[in-house]
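One-letter residues, chain by chain:
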Amino acid sequence: MRSQAFALVCACISTGAHQALFDSFLKGTRLFVEIDDVRMLTADTAVVVTRGEVAKKTPRKLGKVATYTLVRQDGQWLIAAVQKTKHKPLMEAVSFKFQPATVPA
């Protein structure tokens with residue numbers, strides 16, 4: 001599932017509006033992506049959490065977090081939803097210190 005998730009995420013980015021950005025404003029850059037987690041909610045539903053960054057060369061940190069909801073229809077995995085967030089380590093550290101229950105499992 002992990003390799004399928006990676007392929008789906010890459011396919012999503014390389015089509016449509018994303019590709020238009022890489023062909024214009026982001027020309028000369030590429031997307032660096034790592035999969036942090038794949039959780040199977042059912043046999044046909046998964047949540048994939050990635051970290052990524054757009055840069056010309058390998059970035060020191062992958063600062064953007066994306067959460068994908070994948071569904072399997074007729075044997076094919078599809079992206080049903082995506083939510084993206086800029087990672088803010090300082091705010092996370094403060095939240096985790098004062099509200100330990102907010103630390104991800």
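Quick note: structure is the one above.
Residues numbered from 1 in each chain as written. Predicted model: local features only at pLDDT ≥ 70, side-chain atom pairs only at ≥ 80, totals over all residues. Heavy atoms only, no water.

*Asks:* Please clarify how the environment of D74 should be interpreted in this entry.
*Replies:* With respect to the helices and strands, D74 occurs in the loop between β3 (64-73) and β4 (76-86). A sequence separation of 30 residues divides D74 from D44, and the C-alpha atoms of the two residues are 9.9 Å apart. (Helix = DSSP H or I, 4+ residues; strand = E, 2+ residues; numbered from the N terminus.)

*Asks:* For this particular structure, what's the right way to read the side chain of E53?
*Replies:* Locating E53 in the fold gives a position in strand β2 (residues 45-55). Judged by its relative accessible area of 14%, E53 is buried. Reaching out from E53, the side chain makes a polar contact with the backbone nitrogen of G63 at a distance of 2.8 Å. Apart from residues lying up to four places away in sequence, E53 is in contact with R30, L31, F32, P59, K61, L62, G63, K64 and K86. (Buried < 20%, exposed > 50% of the residue type's maximum accessible area, 1.4 Å probe, protein only. Polar contact = N/O pair within 3.5 Å; in protein donor to acceptor, adjacent residues only side chain to side chain. Contact = heavy atoms within 4.5 Å.)

*Asks:* What's the story with the nonpolar core in this structure? I'm lost.
*Replies:* Formed by A5, I35, V38, A46, V48, A66, Y68, L70 and W77, the largest nonpolar core amounts to nine residues. Secondary structure elements with two or more residues in this core: β1 (30-42), β2 and β3. Top element by residues in this core is β3. It accounts for three residues. (Core = buried A, V, L, I, M, F, W, Y, C linked by side-chain atoms within 4.5 Å.)

*Asks:* Would you take a moment to explain the pairing of β1 for this structure?
*Replies:* Remember that side chains alternate between the two faces of the sheet whenever the strand is regular. In this sheet, β2 lies alongside β1 in antiparallel orientation, the contact comprising eleven bridges. Opposite L31, over in β2, you have V54 as the bridge partner. Here β1 folds back onto β2, and the loop between the two strands holds two residues. (Pairing = 2+ DSSP bridges.)

*Asks:* Would you take a moment to explain the pairing of β3 for this structure?
*Replies:* In the sheet, β2 pairs with β3 via eight bridges, with the strands oriented antiparallel. Bridged to V49 within β3 is T67. Where β3 lies against β4, ten bridges are found, and the strand directions are antiparallel. Counterpart to A66 in the pairing with β4 is K84. As consecutive antiparallel partners, β3 and β4 are separated by two residues, and within that stretch D74 has a phi angle of approximately 50 degrees, a positive value.

*Asks:* Is there a simple way to explain the sheet that holds β2 in this structure?
*Replies:* An order of β1-β2-β3-β4 is seen for the four strands of this open sheet, with the pairing classed as antiparallel. Two strands lie at the open edges of the sheet, namely β1 and β4, each paired on one side alone. Averaged over all adjacent pairs, the angle separating strand axes in this sheet is 20 degrees, with direction ignored. (Axes fitted to C-alpha atoms, helices over the stretch in contact; angles between N-to-C directions.)

*Asks:* So what exactly am I meant to see when it comes to the pattern of salt bridges here?
*Replies:* In a structure, side chains of opposite charge can pair up when their charged atoms sit close to one another. Under the definition given, this model contains four salt bridges. Note that R39 and D37 form a salt bridge whose closest N and O atoms lie 2.5 Å from each other. Residue R39 is classed as partly exposed on the basis of its relative accessible area of 46%. Across the salt bridge formed by D44 and R72, the nearest N and O atoms sit 2.9 Å from each other. A residue pair is termed long-range when its members are at least 10 positions apart, and D44 in the loop between β1 and β2 and R72 in strand β3 qualify at 28 residues. (Salt bridge = Lys/Arg side-chain N within 4 Å of Asp/Glu carboxyl O.)

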